[in-house]
Amino acid sequence: MRVLLVGAGGVGTALTRIAARRPFLEQMVVADHDPARAEAAVAALGEAGSRFRAERVDAGNEAEVASLLGRYGCDVLLNATDPRFVMPLFRAAFGAGATYLDMAMSLSRPHPERPYEECGVKLGDAQFARSADWERAGALALVGMGVEPGLSDVFARYAADELFDEIEEIGVRDGANLTVEGHDFAPSFSIWTTIEECLNPPVVYEAGRGWFTTAPFSEPEVFDFPAGIGPVECVNVEHEEVLLVPRWVDARRVTFKYGLGREFVETLRTLHRLGLDRTGPVTVPGPAGPVEVSPRDVVAACLPDPATLGERMHGKTCAGTWVRGVKDGAPREVYLYHVVDNQWSMAEYGCQAVVWQTAVNPVVALELLATGAWSGAGVLGPEAFPARPFLDLLTAYGSPWGLREQ
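Residues numbered from 1 in each chain as written. Predicted model: local features only at pLDDT ≥ 70, side-chain atom pairs only at ≥ 80, totals over all residues. Heavy atoms only, no water.

A closer look at the layout of surface pockets
As a reminder of what qualifies: Whether a set of points on the 1 Å grid over the protein atoms alone is a cavity depends on a 1.4 Å probe fitting there but being unable to get out, while an open set qualifies as a pocket with protein on both sides within 12 Å along at least five of seven lines; lining residues are those with an atom within 4 Å of a point. Grid points are joined across faces, edges and corners, and a volume is the space filled by probe spheres set on the points. The secondary structure listing takes helices from DSSP runs of H or I that are at least 4 residues long and strands from runs of E that are at least 2 residues long, numbered from the N terminus. Each residue is assigned to one class: nonpolar for Ala, Val, Leu, Ile, Met, Phe, Trp, Tyr, Cys and Pro, charged for Asp, Glu, Lys and Arg, and polar for all the others, Gly among them.
One number sums up the size of the second largest pocket: a volume of about 320 Å³. In terms of lining, the second largest pocket is formed by 18 residues, of which the most central are Leu 199, Asn 200, His 272, Asp 277 and Arg 296. For the lining of the second largest pocket, the elements supplying multiple residues, two or more each, are α8 (191-199) and α10 (262-273). When grouped by side-chain class, the residues that make up the lining of the second largest pocket number 8 nonpolar, 4 polar and 6 charged.

Remarks on unusual backbone geometry
What you tend to see is this: most non-glycine residues have negative phi, and most peptide bonds are trans. The test is simple: Burial classification: accessible surface area is computed with a 1.4 Å probe over protein chains only, and a residue below 20% of its type maximum counts as buried, one above 50% as exposed, and the rest as partly exposed.
Geometrically, the link from Glu 148 to Pro 149 is a cis peptide bond, its omega value of 0 degrees lying close to zero. Positionally, Pro 149 belongs in the loop between β6 (140-142) and α7 (151-163). Even without glycine at this site, Ala 227 takes up a positive phi of about 60 degrees. In this structure, Ala 227 sits in the loop between β11 (221-225) and β12 (230-236). Using a relative accessible area of 38% as the deciding quantity, one classes Ala 227 as partly exposed.

Remarks on the nonpolar core
As a reminder, the rule being used: What we call a nonpolar core is a set of buried Ala, Val, Leu, Ile, Met, Phe, Trp, Tyr and Cys residues that are connected through their side-chain atoms within 4.5 Å. Contacts: residue pairs with any heavy atoms within 4.5 Å of one another.
Membership of the largest hydrophobic core comes to 92 residues, with the highest contact counts inside it found for Trp 374 and Phe 390. In terms of residue count, the dominant contributor to this core is helix α13 (residues 353-371) (11 residues). The contacts of Phe 390, once residues within four sequence positions are left out, are Met 145, Leu 151, Val 154, Asn 361, Val 364, Ala 365, Leu 368 and Trp 374. Membership of the second largest hydrophobic core comes to 28 residues, among which are Leu 4, Leu 68, Ala 92 and Ala 93.

Structure follows, in structure tokens:
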């Protein structure tokens with residue numbers, strides 16, 4: 001398998017370190033708009049990096065991406081950029097006849113009149129609109145294949161196949177007890193993406209009603225996370241699982257709740273009140289005259305790069321899927337989860353826990369595609385594939401998952 005990885009930030013760099021240990025990979029081209037980042041990611045691999053090459057690419061330039069795919073004979077494009085670049089990379093892969101994988105789907109747009117009741121353009125709508133084209137071409141776009149979405153969706157499929165006869169509700173629940181020395185506010189993941197998913201109207205799915213929206217940070221609940229993390233207040237957040245799971249798994253209700261903490265929520269609300277969450281440009285004075293900048297890009301530039309926080313980060317992060325339903329005529333409730341300790345991920349891979357946990361899942365998926373354990377055509381989510389091979393291979397990577405009866 002020959003892979004073009006677009007994006008050499010925190011997740012992309014972690015991905016190279018995981019993939020370098022696996023024999024299925026013939027070559028990986030690591031491309032970024034900043035060639036120094038791509039070169040640093042490859043150089044850090046040392047002798048293990050002989051199968052890796054660094055290149056510069058503009059992720060928004062479809063022709064440039066397609067040319068790079070062709071030059072290296074890559075049969076897979078793995079997107080590790082932020083969601084703004086999903087569609088150009090998605091189209092470039094299709095045009096080049098390459099398999100496509102991403103960890104976040106095409107962007108949503110709120111309903112213009114009823115944003116907290118009805119869906120407008122949903123996450124992934126632009127990609128699913130092209131599913132028939134991919135299917136006719138016999139090509140695969142595996143979307144939402146990170147940790148959340150990604151592993152959380154695999155857990156949903158596993159629950160439906162092996163743990164339940166009927167499912168009442170599937171609720172993805174994400175929480176952590178991570179702290180960062182020297183920072184009062186230092187998100188462990190891209191602030192650009194965090195703002196996007198936290199301040200957009202959250203989506204909920206209910207059988208008979210379909211998809212609908214609520215207000216940001218609605219329906220707070222305290223969820224008790226395993227591995228010593230403990231109780232964390234979780235709130236509704238827009239996320240791909242709610243748009244993916246019901247397409248392949250029969251459940252009466254699907255939700256996503258994120259353990260943000262009250263201080264984090266208030267910071268995001270303040271950014272929104274000040275208009276600092278906006279992506280459109282505003283004009284500000286500069287040394288050479290007025291310049292246009294995106295307020296959200298300014299916020300991201302003012303915060304530390306999440307990839308650099310590992311040495312000062314302490315604690316664990318947990319991604320998981322809570323499922324309630326019936327098995328053999330009796331009620332059942334479980335939490336399927338995956339925990340990564342930052343101390344372990346830093347010692348083993350030199351990557352902080354959140355980016356490592358995100359990165360390991362697309363590598364597992366690539367290996368399953370390379371061996372033929374997973375195959376398909378069209379625009380498909382992780383739920384469209386058998387869960388057991390993925391979970392077994394994840395454990396073989398040295399990162400086991402867990403199941404807790406509730």
